[in-house]
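Read off the chains here:
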Amino acid sequence: MFDQLLIGGLATGCIYAVVGLGFTLVYRTLRMVNFAQGQVFMVGAFLGLSIAQRVHLPVLPLLFVVGAVAFALGMVLERLVFRRLYHNHEVFVVGSIGLGIVLTNAVRVFFPEPVPFPKVFGSHVVQIGTARFQEAYFWVVVSTLVLVVLLHAMFAYTRGGRALRAVAADAEIAGTVGVNVNRAIALTFGLSFAVAAIAGVLIGPLYFVSFDMGDMVGLKAFSAAVFGGINSIPGTILGGLVIGVLENLAGGYISSAYKDLVAFVILLIMLIWRPTGLLGRDTPVKV
Amino acid sequence: MKMQKLVRAVGVAGCIAMAIPAVAQDIKLGVVAGMSGPGTSYGIGIKQGAEMAVKEINAAGGVKGRKIALVIVDDASNPAQSVTSMERLVNEPVDLVVGGWGSSQVLANMDVAERAGLPYIVVGATNPKITTDKNKWTFRVIFTDAVQAEQIADAAVKRLGMKRIAVIHDANDYGVGNRDVFLASLKKIGVEPVAVVSYQSADKDFTAQLSRIREANPDGVAIFGTIPAAPAIMNQARDLGIKARFIGTGGLANENLMTLAPKASEGTVLTTYFHEDADAQAKAWADRYVKEFSGSSQPPRPVLAAWEYRAIKYIAAPCLESSGTNKDKLRQCIASWKGNLFSVPGEAYFDKTGQLIQQSVLVEVGKGAFQAFKGK
């Protein structure tokens, strides 16, 4: 039972981590939290569903297409909505919650009932010891690793990535040395949408997709980001894995009724013990 | 609204057309249900069932020469609105009400009927609190959650031969209510469950709960929940290698179960409110019903339509025939009603609390559809 719970928890944790990365990316750049992240994850799942139902694509192109469409959607929404909101954190928080509700209900119009997702990752069941898993679990874990490596490479080695880091460190100075700050912020939203949407496609074949699937995942992913340190990418990944595994173990060994409670109790303890998260750093306020 | 006006208009037009001076006044039959909001698909079924029954009764000459006029009100699947809707029916005034969907709505609006002394036959709410020794004017034809859980416990042990039963249930009122009755019934038969686990309605991943169940090595898994959790549990249980048969109650009686868990739901045995293959008369009715309402904007929803139809045609109409529209006589007639209804095995009757006592129907999922259960 332990290995079943552990591997299942790792896969769920990867999803929290990837969605959580969306929070982290935006937070690093703007110091603001985009609460529509969970709904973007849901929209990604439906994007994947709509594409997979029409064209038969292998897994990698499917993930790529969904990522690209979501990236574009993020850029567009940044231009239309977020750019008008991020002058003020309160406005931004309420606005992003509102956007999440709009996304949920827009999908609800077309898909009022839960829908099964095509088994794009195959439906083989793999046995490891006494634990049994659908192939899709391994896709989730492997894709997470690949995504993290890609993101890291982009931030460390590309010009665009360095520009994003510069804006994250200090937007004003980055602007004076020639970085296009507006474009960098738009790219950040594009990236955060792309990773969340890919997570939606990864989880789709494991469960059904429904318009409310992003609500709880969004909250858990946010907890993962805060747990690990919301301005730290490795911290968010770690936070996602810790929450995914612990809640699964608690669900199996203590009581399944309190599974969700575990994630938030962990978060509370962390916030009291280390308000900046496990790997997060305090950002000094410049006067 | 539109329907109501239409019904009235047709009634008035009928009177003028016939122009017989001493024509008896129409009997007014009220129907309240959620025809908008979350209950829409159920409310539409209730409305269709009422229309079909009344059309047939009127075509056959009505009740002692009096036509039945329907007064249909939409409570928007909302308990507060439901009270207003029932008050409208009381003020109309209607002679009796057959309808009601959703336990919360019925618990709210039955109070209005009780105070006004209006006979009310409930067709679409299963909470046990509706029929107790307090209600004088409210009756219910659909059976409660408790009846179903007891029956499936009995069937699991005696007809399916299950010895090691595991239970997974929703932590809401429906799931916990079913679990309690199910476990008590198992205890009476002398069977102890091998595992009891719960989940939250919005959960997606059940591996933690199902791992516990797999450890217990069950030969039957009872699921007390609704769509979409129940089919997700079935799929994930099969992935984990749990081969036990699934059993359950009315929460599973939804065609979407087979869409979401096409393979895993196969062989599931459950209780339901109506099944067309239960007997020939039920089959004939279902064919007629589907034919009548196919092609309209709302697809036919037989389960509750069947109850509304049967309650009007076999319980309300004969009582109106024998007792007229005197409310007290009508109430006494309904209370002492007993007889046969299609799709219900054996004779049905109302107990002291106004609950129709009957056997529920067992169905089995086979070839992607609900089939009448043919086991021992």
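As the structure is a prediction and not an experimental result, all values here were calculated from the model.

### Regarding the overall build of chain A
Now for step 1: Within chain A one finds 11 helices and 2 strands.
Now for step 2: Ordered by position in the sequence, the α and β elements of chain A form the string α-α-α-α-β-β-α-α-α-α-α-α-α.
Now for step 3: For 287 residues, the compact-globule formula gives about 19 Å, and the C-alpha radius of gyration of chain A, at 19 Å, lands near that figure.
Now for step 4: Taken along its principal axes, the extent of the C-alpha atoms in chain A is 60 × 45 × 35 Å.
Now for step 5: Put simply, chain A has 287 residues, and 51% of those count as buried.
Now for step 6: Taking the intrachain contacts of chain A between residues at least 6 apart in sequence as the baseline, contacts between residues at least 24 apart amount to 76%.

### Examining the overall build of chain B
Now for step 1: Along chain B, the regular secondary structure elements total 12 helices and 15 strands.
Now for step 2: Against the compact-globule benchmark of 21 Å for 376 residues, chain B has a radius of gyration of 22 Å, which places it among compact chains.
Now for step 3: Expressed along its principal axes, the backbone C-alpha trace of chain B runs to roughly 75 × 45 × 40 Å.
Now for step 4: Within chain B, contacts between residues separated by at least 24 positions form 68% of all contacts whose residues are at least 6 apart in sequence.

### With respect to the pairing of strand β2 (residues 131-134) of chain A
All names here are of chain A.
Now for step 1: By the alternation rule, side chains of β2 split into A131 and F133 and R132 and Q134, which are all buried.
Now for step 2: With 4 bridges joining them, strand β1 (residues 125-128) and β2 adopt antiparallel strand pairing. Bridge pairing in β2 places V126 opposite F133.

### Remarks on the domain arrangement of chain B
Residues and elements named next belong to chain B.
Now for step 1: Split by domain assignment, chain B resolves into domain 1 (2-143 + 279-359) and domain 2 (146-272).
Now for step 2: Between domain 1 and domain 2, the C-alpha centre-to-centre distance is 33 Å.
Now for step 3: Across the boundary between the two partners, domain 1 contributes 4 residues, which contact 5 residues of domain 2.
Now for step 4: Residue composition of the side of domain 1 that touches domain 2, grouped by class: 3 nonpolar, 1 polar and no charged.

### Overview of the environment of S41 of chain B
Residues and elements named next belong to chain B.
Now for step 1: Inspection of the secondary structure assignment puts S41 in helix α2 (residues 40-59).
Now for step 2: Assessed through the 16 C-beta atoms surrounding it within 10 Å, S41 is described here as partly exposed.
Now for step 3: Taking the C-alpha atoms as reference, S41 lies 7.1 Å from R301; in sequence the two are 260 residues apart.

### Here's the deal with the nonpolar core
Now for step 1: Counting 216 residues, the largest nonpolar core has A197 and I198 of chain A together with V98 and I121 of chain B as its most contacted members.
Now for step 2: A per-element tally of this core places helix α8 (residues 181-203) of chain A first, with 15 residues.
Now for step 3: The two domains that each donate at least three residues to this core are domain 1 (2-143 + 279-359) and domain 2 (146-272) of chain B.
Now for step 4: Setting aside residues up to four positions removed in sequence, V98 of chain B forms contacts with L29, V31, A50, I121, V123, E308, A311, I312 and A316 of chain B.

### So, helix α6 (residues 173-189) of chain B
All names here are of chain B.
Now for step 1: In a regular helix each residue adds 1.5 Å, so 17 residues correspond to 24 Å; α6 covers 24 Å between its end C-alpha atoms and thus fits that length.
Now for step 2: Within the sequence span of α6, burial applies to Y174, G175, G177, N178, R179, V181, F182, L183 and L186.
Now for step 3: Packing partners of the buried residues in α6 comprise α5 (145-158), β6 (165-170) and β8 (220-224).
Now for step 4: G190, located one to two residues past α6, shows a positive phi value of around 95 degrees.

### Thoughts on the packing of helix α1 (residues 2-30) of chain A against helix α5 (residues 135-157) of chain A
Residue and element names in this part refer to chain A.
Now for step 1: Packing of α1 against α5 leaves a shortest axis separation of 9 Å and a crossing angle of 40 degrees. Here α1 is positioned oblique relative to α5, judged by the angle of their axes. Pair α1 / α5 crosses with left-handed handedness. Only Y137, V140, V141, T144 and L147 of α5 make contact with α1, whose side of the interface consists of I7, L10, A11, C14, I15, A17 and V18.
Now for step 2: Of the residues that constitute the contact of α1 with α5, the class distribution is 11 nonpolar, 1 polar and no charged.

### Concerning the packing of helix α11 (residues 302-323) of chain B against helix α12 (residues 327-335) of chain B
Residue and element names in this part refer to chain B.
Now for step 1: Remark: α11 packs on α12, axes separated minimally by 9 Å, with the N-to-C direction vectors making an angle of 130 degrees. By the angle between their directions, the pair α11 and α12 is classed as oblique. Classified by chirality, the crossing of α12 by α11 is right-handed. Contact with α11, carried on its side by I315, C319, S322 and S323, involves K329, L330, C333 and I334 of α12 and no other residues of that element.
Now for step 2: Split by residue class, the contact of α11 with α12 holds 5 nonpolar, 2 polar and 1 charged.

### Concerning the interface of chain A and chain B
Now for step 1: Of the residues lining the interface, 24 residues belong to chain A; the matching set on chain B comes to 22 residues.
Now for step 2: Only α1, β2, α9 (213-228), α10 (233-253) and α11 (259-273) of chain A provide two or more residues apiece to the side of chain A that touches chain B.
Now for step 3: Per-element tally for the side of chain A that touches chain B: the top contributor is α1 of chain A, with 4 residues.
Now for step 4: Grouping the amino acids of the side of chain A that touches chain B by side-chain chemistry returns 10 nonpolar, 9 polar and 5 charged.

### Topic: helix α7 (residues 207-215) of chain B
Residue and element names in this part refer to chain B.
Now for step 1: A large share of α7 lies buried, amounting to 8 of its 9 residues.
Now for step 2: T207, A208, Q209, L210, S211, R212, I213 and R214 are the residues of α7 that are buried.
Now for step 3: At the C-terminal side of α7, N217 shows a positive phi close to 50 degrees.

### Digging into the sheet that holds strand β12 (residues 348-350) of chain B
Residue and element names in this part refer to chain B.
Now for step 1: Strand order in this open sheet of 3 strands is β11-β12-β13, and the pairing throughout is antiparallel. Strand pairing shows two members of the sheet lacking a second neighbour, β11 (338-339) and β13 (356-357), which therefore form its edges.
Now for step 2: Bridging between β11 and β12 involves 2 bridges; their strand directions are antiparallel. Its bridge partner being in β12, K338 is matched across the sheet by Y349.

The rules behind each value
- Residues numbered from 1 in each chain as written.
- Chains lettered and ligands numbered in written order.
- Predicted model: local features only at pLDDT ≥ 70, side-chain atom pairs only at ≥ 80, totals over all residues.
- Helix = DSSP H or I, 4+ residues; strand = E, 2+ residues; numbered from the N terminus.
- Rg over C-alpha atoms; globule rule 2.2 N^0.38 Å.
- Buried ≥ 20, exposed ≤ 12 C-beta atoms within 10 Å, placed from the backbone.
- Contact = placed C-beta atoms within 7 Å.
- Pairing = 2+ DSSP bridges.
- Domains from an automatic or database assignment.
- Nonpolar A, V, L, I, M, F, W, Y, C, P; charged D, E, K, R; others polar.
- Core = buried A, V, L, I, M, F, W, Y, C linked by C-beta atoms within 7 Å.
- Expected span 1.5 Å × (residues − 1).
- Axes fitted to C-alpha atoms, helices over the stretch in contact; angles between N-to-C directions.
- Parallel < 35°, antiparallel > 145°, perpendicular 65-115°, else oblique.
- Left-handed = near helix turned anticlockwise from the far one by under 90°.

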